[in-house]
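Descriptive analysis of the structure
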Amino acid sequence: MPVSLLSGITPLACAPRLWLVQILWLVGMAVASRLVFQRAIRAVTVQGGLNGTGATL
């Protein structure tokens, strides 16, 4: 819940718009987070473990 709505700075009539903005930020940050995480997974090199065939290195 936006603080401006709770504090009375923004009237209740603007609540749907505020919720939409909050949802758009949430979706945008989730997409950005997934993109950054996927790139980080490709960049990290881990030594040891299993190779592509399932055999230990």
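Scroll up a little and you will see the structure.
Figured I'd write up the structure that's included with this text. Since the structure is predicted, the reported quantities are computational estimates derived from the model, not experimental observations.

The next thing to look at is the overall build of the protein chain. Scanning the protein chain from terminus to terminus reveals two helices and zero strands. Taken across its 57 residues, the protein chain has 9% of its residues classed as buried. Surface summary for the protein chain: the accessible area is close to 5,200 Å², and the carbon and sulfur share equals 69%.

Within the secondary structure, Thr10 is located in the loop between α1 (3–7) and α2 (15–43). Not counting chain neighbours up to four residues away, the residues in contact with Thr10 comprise Ser4, Leu5 and Leu18.

Thresholds, definitions, all that
- Residues numbered from 1 in each chain as written.
- Predicted model: local features only at pLDDT ≥ 70, side-chain atom pairs only at ≥ 80, totals over all residues.
- Heavy atoms only, no water.
- Helix = DSSP H or I, 4+ residues; strand = E, 2+ residues; numbered from the N terminus.
- Buried < 20%, exposed > 50% of the residue type's maximum accessible area, 1.4 Å probe, protein only.
- Areas by Shrake-Rupley, 256 points an atom, 1.4 Å probe, with all protein chains shown as cover.
- Contact = heavy atoms within 4.5 Å.

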